Amino acid sequence: MAIDGEYIPSTEERARVQAEAYEASGGAEQATLPGTEWPIVVLTNVGAKTGGVHKTALMRVEHEGRYAVVASKGGAPKPPAWYWNVKAHPRVELQDGSVTREYDAREVSGAEYDEWWARAVAAYPPYEDYTKRTDRKIAVFVLDPVE
């Protein structure tokens, strides 16, 4: 795959452990949000400031071979750090189970946003509650497979 560089583990232990276990087991371990049945995927991206490799467990939102990643951060006032990384370096990798592929990420808006937001909420209903916790519009990136 094209994402190379020094791995910079998450400073949040739960997130780091989940992403690393998921990746190492080919998606067999830590495959759901802890305590739930909601499936996750692991996003690998390049840091905007560090240039290092970051891995983040995110909710699985898939439709016809394309994915969306939602920069919700639980409805916090500011987006998660990975949002800025993907804005700066849109070529990412995504692991879904045992399959890892390369994608080009693009932030969506308008009708396309509405369509993917509905899919995201269907996959993970708490996203809708997150909108009530923040004044910002929660960003959604669609990942298009690199051929």
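Structural notes, computed from the coordinates. (Residues numbered from 1 in each chain as written. Predicted model: local features only at pLDDT ≥ 70, side-chain atom pairs only at ≥ 80, totals over all residues. Heavy atoms only, no water.)

### What to know about the sheet that holds strand S2 (residues 53-59)
Hydrogen bonds between backbone atoms are what pair the strands of a sheet, whose relative direction is either parallel or antiparallel.
Thought 1: Read across the sheet, 7 strands follow the order S2-S1-S5-S6-S7-S4-S3 without closing on themselves; strand pairing throughout is antiparallel. Among the strands making up the open sheet, the edge pair consists of S2 and strand S3 (62-63).
Thought 2: As judged from the 5 bridges shared by strand S6 (residues 99-107) and strand S7 (residues 139-145), these two strands associate in the antiparallel manner. Across the sheet, Tyr103 pairs through a bridge with Pro145, a residue of S7.
Thought 3: Against the sheet, helix H1 (residues 13-24) makes contact with strand S1 (40-46), S2 and strand S5 (91-96), and its axis sits at roughly 100° relative to S1, the strand it touches most.
Thought 4: Sitting on the sheet, helix H3 (residues 110-123) is in contact with S3, strand S4 (66-71), S6 and S7, with an inclination near 85° to S4. (Pairing = 2+ DSSP bridges. Helix = DSSP H or I, 4+ residues; strand = E, 2+ residues; numbered from the N terminus. Contact = heavy atoms within 4.5 Å. Axes fitted to C-alpha atoms, helices over the stretch in contact; angles between N-to-C directions.)

### Describing helix H2 (residues 81-88)
Thought 1: Along H2, the positions that sit buried rather than exposed are Trp82, Tyr83, Asn85 and Val86. Projected down its long axis, H2 carries its buried residues within an arc of 165°, all on one side.
Thought 2: Contacts from the buried residues of H2 go to S1, S2, S4, S5, S6 and S7. (Buried < 20%, exposed > 50% of the residue type's maximum accessible area, 1.4 Å probe, protein only. Arc of directions from axis to C-beta.)

### Quick word on the pattern of salt bridges
Thought 1: A full pass over the atoms with the stated rule returns 13 salt bridges.
Thought 2: Asp144 is paired through a salt bridge with Arg66; the nearest N and O atoms lie 2.9 Å apart. Of the two residues, Asp144 is situated in strand S7 and Arg66 in strand S4; the sequence distance between them amounts to 78 residues.
Thought 3: Accessibility expressed as a relative area gives 25% for Arg66, which makes it partly exposed.
Thought 4: In this structure, Arg106 and Asp144 form a salt bridge, with 2.7 Å as the shortest nitrogen-oxygen distance. Placement of the pair is Arg106 in strand S6 and Asp144 in strand S7, with a sequence separation of 38 residues.
Thought 5: Look at Arg106 and you get partly exposed, because its relative accessible area is 30%. (Salt bridge = Lys/Arg side-chain N within 4 Å of Asp/Glu carboxyl O.)

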